[in-house]
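Single-letter residue listing:
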Amino acid sequence: MPETNNLYGVIKEKAYDYGILKPEIPSYVTDNLKYEFFVWQKNAFENLLTYQTIKERETPNKPTHLMFNMATGTGKTLLMAAAIIYYYKQGYRHFIFFVNQNNIIDKTENNFIDSTHTKYLFKDKIIIDDKTISIKKVDAFSEHSDGIEIKFTSIQKLYNDIHIERENRTTLDDLHKLNIVMLADEAHHLNAGTKNKNGIQKELIPKELTNRTSEKEIERKGWEHTVIELILNKNGSNKENKNVLLEFTATIPANENVERKYSDKIIYKFGLKEFLGAGYTKEINLITSTLGKKERVLQALLFQWYRHKVALKNGIPNFKPVILFRSKTIEESKTDYEEFLDWTSNLSTRDFTFLKEIEKKVTQSKSLYEQGKSRTEQVINFIAKENISYSEIAEFIKNNFNEKTTIITNSKTNKTKSEKTTEEQEKLLNRAC
């Protein structure tokens, strides 16, 4: 999508037209963060400040809805921490952090709340205008607060809290009385395909989102209905609305409706290629091919076998073959998992015949990070040079990638449909990585 079609391109032009200079990030933000910004984080926050300056001139009494489209590992959570400090200074006291996966909530609480944790993102004391500011986790917001209150929740729980009356829970009426800042992490999971040609799909809203609720219902009724319509837009109220929704995601679905929906919301874009080019991440090789799903899986396993052999040749005996495969949806993952185990347990030399025509099916780019064809040729040449049989490779894969050595994070024992890993799974994953 052309830059001028996205918000970050629009505000650049408007800043020029209005004579708005490049903003300086306030010291009350940087002085209260544990870490300094990288260049791209600084640029992203400067875009936010420029947007706010323009918005104060054009639509000061309307809600703010922005998207930071930044690659995994670029430090989106530190930007969230900076946004919390910034919006506190603007008068906000009530923040909601939500995701579609409960296990991410637990990790992010440490970033924002636990000052003793190694990943805590603020200074030991948050000081603004010579005053120490408290920051605490809450289930229900207080009407008057001098400190920062954060409600950590999932999209399902947020929906149920609003639609089902319970003690010590913030009601929708309570939220409408407050100015709220919402932070949505990995937001692309929450809203893919939420609109049809006529806009929001109007359906009978269920009383509760349960373990049996489908992903599509959660997206449609949890995101579009609850977050956008009821909270951000205060259910269509014509009164002054200062609410803020900041979405952070690594991937925006390649869907025309979704891209159109976000064109006026993407405040900053820093993709994987830009991140790799900045030189601050591990070396990554992006491989594009026309292979089928089974062949793509086998190619990944073959690369992992090759890394293992190279490690042994260089005196690294404890190299662990670890691969992450991600399904499109939670519902598809169980089928993919069962297919994976079937492919690996019944693997034979015949399954590698696709390598004979691999050059025709894997593309090569001039980019240093898109050398799929040459990397594949490198593996095939290694096999020939070392006189290794594909039966040997098949045995390695069978031994290292089977039911005992493979974890599905939303397994048959997990009935939450939320990708929440169990305590035992967390231990196994931590030992593997």
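Quick look at the structure, then. (Residues numbered from 1 in each chain as written. Predicted model: local features only at pLDDT ≥ 70, side-chain atom pairs only at ≥ 80, totals over all residues. Heavy atoms only, no water.)

Looking only at helices and strands, one finds 17 helices and 11 strands in the protein. Taken across its 433 residues, the protein has 46% of its residues classed as buried. Considering only residue pairs separated by 6 or more positions, the protein has 75% of its internal contacts joining residues 24 or more positions apart. (Helix = DSSP H or I, 4+ residues; strand = E, 2+ residues; numbered from the N terminus. Buried < 20%, exposed > 50% of the residue type's maximum accessible area, 1.4 Å probe, protein only. Contact = heavy atoms within 4.5 Å.)

Taken as a whole and assessed by the stated rule, the structure comprises 19 aromatic pairs. Taken together, a centroid distance of 6.0 Å and an interplanar angle of 90 degrees make the contact between Phe45 and Tyr86 edge-to-face. One end of the pair, Phe45, is in helix α3 (residues 39-58); the other, Tyr86, is in helix α4 (residues 76-89), and 41 residues separate them in sequence. Exposure class is identical for Phe45 and Tyr86. Each is buried. A cation sits over an aromatic face here: Lys89 above Tyr28, 5.6 Å from the ring centre. (Phe/Tyr/Trp six-rings, centres within 6.5 Å; stacked < 30°, edge-to-face > 60°. Lys NZ or Arg CZ within 6 Å of the ring centre and 35° of its normal.)

Moving on to the pairing of strand β10 (residues 244-249). When you tally the buried positions in β10, you get six out of six residues, the bulk of the element. What you see with β10 is no split at all: Val244, Leu246 and Phe248 on one side and Leu245, Glu247 and Thr249 on the other are buried throughout. Two strands pair when backbone bridges link them, and strand β1 (residues 64-70) and β10 are joined in this way by six bridges, in the parallel orientation. Looking at β10, one finds that Thr64 is bridged to Val244. The sheet contact formed by strand β7 (residues 180-185) and β10 spans five bridges and is parallel. (Pairing = 2+ DSSP bridges.)

Let us look at the sheet that holds strand β2 (residues 94-99). Pairing is parallel across the open sheet formed by seven strands, whose spatial order is β5-β6-β2-β7-β10-β1-β11. Here the strands that pair on one side only, and so sit at the sheet edges, are β5 (135-137) and β11 (266-270). In this sheet, neighbouring strand axes are inclined to one another by 15 degrees on average, regardless of whether the strands run parallel or antiparallel. In this structure, β2 lies alongside β7, joined through five bridges in parallel fashion. Bridge pairing in β7 places His94 opposite Ile180. The strands that helix α1 (residues 7-18) touches are β1 and β11; relative to β11, the one it contacts most, it runs at about 115 degrees. (Axes fitted to C-alpha atoms, helices over the stretch in contact; angles between N-to-C directions.)

Quick look at the side chain of Thr249 now. Among the structural elements, Thr249 can be located in strand β10. In terms of polar contacts, Thr249 uses its side chain to reach the backbone carbonyl oxygen of Thr251, at 3.1 Å. (Polar contact = N/O pair within 3.5 Å; in protein donor to acceptor, adjacent residues only side chain to side chain.)

For the coordinates displayed, the defined rule picks out 15 salt bridges. The residue Asp129 makes a salt bridge to Lys89 at a minimum N-O spacing of 2.8 Å. You can see Asp129 sitting in the loop between β3 (126-128) and β4 (131-133) and its partner Lys89 sitting in helix α4, a full 40 residues away along the chain. Residue class for Asp129 comes out exposed when judged on its relative accessible area of 60%. Classification of Lys89 by relative accessible area gives partly exposed; the value is 34%. (Salt bridge = Lys/Arg side-chain N within 4 Å of Asp/Glu carboxyl O.)

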